[in-house]
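# Examination of the molecular architecture
Residues per chain are reported as follows:
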Amino acid sequence: MIARVVGHPDVVDTNIQLEFTGTAILGTDYTVTSTLIHNPSWTISASVIITGIDDSIIEFRESIIIDIVSIDGGELNGFQQATVFLTDNDN
């Protein structure tokens, strides 16, 4: 799960556009609930859920790199990126 959490409610809606890259393939290796985190005004958190797609293919560990592309209703403070890894459950 990728989440946006603030210490106090914002007075404006915030939209955070995400980009997913890496060695794992969106739609083949994993799904996301959205590429946009929408945080309505007066709320303190919002999230996007990443779910691995189960298959019978034996694969090495794959990366998912999440970048913030843009923010509407807020500002980006520095370079924002996260990396998560998918580990195969097939032997």
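Nothing here was measured: the structure is a model prediction, and the numbers come from that model. (Residues numbered from 1 in each chain as written. Predicted model: local features only at pLDDT ≥ 70, side-chain atom pairs only at ≥ 80, totals over all residues. Heavy atoms only, no water.)

## What to know about the sheet that holds strand S7 (residues 62-72)
Filter applied, for reference: When DSSP finds at least two bridges between two strands, those strands are taken to pair. Only DSSP runs of H or I reaching four residues or more are called helices, and only runs of E reaching two or more are called strands; each is numbered from the N terminus. Axes here refer to lines fitted to C-alpha atoms; in helices the fit is confined to the stretch in contact. Angles between the N-to-C directions go from 0 to 180 degrees.
Strand order in the open sheet formed by four strands is S4-S2-S7-S8, and the pairing between neighbours is antiparallel. Of all the strands in the sheet, the pair left with one neighbour each is strand S4 (36-39) and strand S8 (81-86). Averaged over all pairs of adjacent strands, the angle between their axes in this sheet comes to 25°, without regard to strand direction. With six bridges connecting them, S7 and S8 associate as antiparallel partners. Looking at the pairing, Glu62 lines up with Leu86 of S8.

## Focus on the packing of aromatic side chains
We count it as follows: Each pair of aromatic rings taken from Phe, Tyr and Trp, with Trp reduced to its six-membered ring, is defined by centres within 6.5 Å and is described as stacked if the planes are under 30 degrees apart, edge-to-face if over 60, and tilted in the remaining cases. Burial classification: accessible surface area is computed with a 1.4 Å probe over protein chains only, and a residue below 20% of its type maximum counts as buried, one above 50% as exposed, and the rest as partly exposed. Only when the NZ of Lys or the CZ of Arg is both within 6 Å of the ring centre and within 35 degrees of the ring normal is a charge said to sit over the ring.
Applying the stated criterion across every chain yields a total of one aromatic pair. Look at Phe20 and Tyr30: their rings are 6.4 Å apart centre to centre, the planes differ by 50°, and that puts the pair in the tilted class. Pair noted here: Phe20 is in strand S2 (residues 14-21) and Tyr30 is in strand S3 (residues 30-32), with a separation of ten residues, a long-range link. Residue class for Tyr30 comes out buried when judged on its relative accessible area of 0%. Lying over the aromatic face of Phe85, Arg61 brings its terminal NZ or CZ to 3.9 Å of the ring centre.

## A word on a nonpolar patch on the surface
Condition: Residues enter patches when they are more than 30% accessible in relative terms and free of salt bridges; like-charged ones are connected within 9 Å and nonpolar ones (Val, Leu, Ile, Met, Phe, Trp, Tyr) within 5 Å. Only the protein chains shown count as covering a residue, and every accessible area follows the Shrake-Rupley method with a 1.4 Å probe. A pairing counts as a salt bridge when a side-chain nitrogen of Lys or Arg comes within 4 Å of a carboxyl oxygen of Asp or Glu.
A cluster of nonpolar side chains, Val11, Val12 and Trp42, forms an exposed patch at the surface whose accessible area comes to about 330 Å². Of the residues examined, Trp42 reaches a relative accessible area of 58% and is grouped as exposed.

## Concerning the layout of surface pockets
Counted only if it meets this: Buried and open spaces are told apart on a 1 Å grid over the protein atoms alone, a cavity being a set of points where a 1.4 Å probe fits but cannot get out and a pocket being an open set with protein on both sides within 12 Å along at least five of seven lines. Residues with an atom within 4 Å of a point are the lining residues. Grid points are joined across faces, edges and corners, and a volume is the space filled by probe spheres set on the points. Polarity classes work like this: nonpolar for Ala, Val, Leu, Ile, Met, Phe, Trp, Tyr, Cys and Pro, charged for Asp, Glu, Lys and Arg, and polar for all others, with Gly in that last group.
Approximately 170 Å³ is the volume attributed to the second largest pocket. Residue lining of the second largest pocket: 13 residues in total, with Ile53, Glu59, Leu86, Thr87 and Asp88 positioned closest to the centre. Of the residues assigned to the lining of the second largest pocket, the class counts are three nonpolar, three polar and seven charged.

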